[in-house]
Amino acid sequence: MAVWDDLVGQDRVTETLTAAARDADAYVTAAESAGAEERADHRFGTGSRPTGAAAEAEAEAPAPFPASGPPDGDRSTSRMTHAWLFTGPPGSGRSTAARAFAAALQCVSPDRALGAAPGCGFCDGCHTALIGTHADVEIVRTDLLSIGVKETRELVRRAQLSPSAGRWQVIVLEDADRLTEGSGNVLLKAVEEPAPRTVWLLCAPSVEDVLPTIRSRCRHLTLRTPPVDAVADLLMRRDGIEPELAHAAARATQGHIGRARRLATDERARSRRAAVLKLPLRVDDIGGCLKAAQELVDAAAEDAKQVAEEVDTKETEELRAALGAAAGPGGRLPRGTAGVMKDLEKRQKTRGTRTQRDTLDLALTDLTGFYRDVLALQFGSPVAIANTEQRDALERIARGSTPERTLRRIEAILACRRALDRNVAPLLAVEAMTLALRAG
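Residues numbered from 1 in each chain as written. Predicted model: local features only at pLDDT ≥ 70, side-chain atom pairs only at ≥ 80, totals over all residues. Heavy atoms only, no water.

Novice: Please explain the sheet that holds strand 2 (residues 137–140) as it appears in this structure.
Specialist: Pairing between the strands of a sheet comes from backbone hydrogen bonds, and it takes one of two forms, parallel or antiparallel. Overall, parallel pairing links the 5 strands, which are arranged 2-3-4-1-5 in an open sheet. Both outer strands of the open sheet, strand 2 and strand 5 (219–222), are each paired with one neighbouring strand and no more. For this sheet the average axis-to-axis angle between neighbouring strands, irrespective of direction, equals 15°. One ladder, built from 4 bridges, connects strand 2 with strand 3 (residues 169–173); its direction is parallel. Note that in strand 3 the partner of Glu138 across the bridge is Ile171. (Pairing = 2+ DSSP bridges. Helix = DSSP H or I, 4+ residues; strand = E, 2+ residues; numbered from the N terminus. Axes fitted to C-alpha atoms, helices over the stretch in contact; angles between N-to-C directions.)

Novice: Which parts of the structure should I look at to understand the confidence of the model for the protein chain?
Specialist: This prediction gives the protein chain a mean pLDDT of 84; 88% of its residues lie at or above 70. Looking at the elements of the protein chain, mean pLDDT is at its lowest for helix 2 (residues 52–60), recorded as 43, and at its highest for strand 1 (residues 83–87), recorded as 95. Long-range and interchain partners of residues 43–64, a stretch whose pLDDT sits below 50, account for 16 contacts in this model, where long-range means more than four residues apart. Every residue in residues 66–78 scores below 50 in pLDDT, and together they form 29 contacts with partners more than four places removed in sequence or on other chains. (pLDDT = per-residue confidence, 0-100. Contact = heavy atoms within 4.5 Å.)

Novice: Please clarify how a nonpolar patch on the surface should be interpreted in this entry.
Specialist: Where nonpolar side chains cluster on the molecular surface, the patch consists of Ile286, Leu290 and Leu435 and spans about 230 Å² of accessible area. As for its position among the elements, Leu290 is in helix 12 (residues 286–323). (Patch = residues over 30% accessible without salt bridge, like charges linked within 9 Å, V, L, I, M, F, W, Y side chains within 5 Å. Areas by Shrake-Rupley, 256 points an atom, 1.4 Å probe, with all protein chains shown as cover. Salt bridge = Lys/Arg side-chain N within 4 Å of Asp/Glu carboxyl O.)

Novice: Just checking my understanding: could you explain the side chain of Gln378 for this structure?
Specialist: Position of Gln378 relative to the elements: it lies in helix 13 (residues 338–379). On the basis of relative accessible area, Gln378 is assigned to the buried category, the value being 19%. At a separation of 3.4 Å, a polar atom in the side chain of Gln378 contacts the main-chain carbonyl oxygen of Ala398. Those residues in contact with Gln378 that sit more than four places away from it in its chain are Ile397, Ala398, Ser401, Thr402, Pro403 and Thr406. (Buried < 20%, exposed > 50% of the residue type's maximum accessible area, 1.4 Å probe, protein only. Polar contact = N/O pair within 3.5 Å; in protein donor to acceptor, adjacent residues only side chain to side chain.)

Written as structure tokens, this is what we have:
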């Protein structure tokens, strides 16, 4: 299985990354060959220029890759650069593409010498890069609200190191859109003047989510939403999902790979989604609006609490043990370590806020899809309905409303998402949305 197999519906991106991986492999191979010849000359004291095969390898070695992307108008698919920016809608596979490329850069398959493209998926370099244990591949993701300056400085420090075991030092920043202005400025210098064998792979929903000074120094690849059939095929092939459930999950999430997998494998996720899609039928009066909003916020808070119980307790106990706390629950901590525990509690609280916000955002995305189906029915569009299980409810609302009212309801949901991004109290934002849904 090649490293690109999980990158569904992205043929153009796969072609570009495969060609770049070939160039990167040729560059490192030529550099290593020239280096080996130079060490041999030094060992035997010749000091002469390489001859024969070594001279050919040195002559064919490509020049160092530029840190910025290709100039405007250059459509080359075989150019390797030290900084890449992957953008695309949620679920399109941005991080999957970045991880696959990181694995291809570390590929050590002997088939490369026979002309095969890097990224076999089976060799030690590919396997460890894909599962996240490769010494020279750093996967950076965050469940916090932002990535701070301290964390970014540590990444920049690592980026200056030479590869310890692999062919490249690769840093995958999955949430580049969460860089603060300060951390973005720290990252800029490293992207602008990278180490010779360091590659930055940044992922963000759109180019506008990344500082202009950073994105101008990256090669930009745009991913598209994968086709529903391709996502269903992936669920069946990789996760062993039954065909009917796989197609239902892919259709319901409109090609969002991560959400489709969660929906297909988690019964609780399917139950929560079904409850959310009943909300449009519960906003007939003000009391129903307020009750529905409260239940939606409470469900998101409960999800965040469950995550906290699973993760926070383990983190706390591991840190207490590392600090040398007395045995047993609530054992006394050594003097001078209280500040460390407070820092952990602060991070956990921030993560809980992020989890609740993400859960609410997922529910609002499902609601948007519901009204999108209503709009399709009202216009008689041939577009496939995503929420086929709610066909009766969709037709009922479509008959009792107009396309103009449906568009206003979709705008109300989008306004709620924007309010949550601006840290408006979740209950207030959702109550305003449900009242707007009632008014149409």
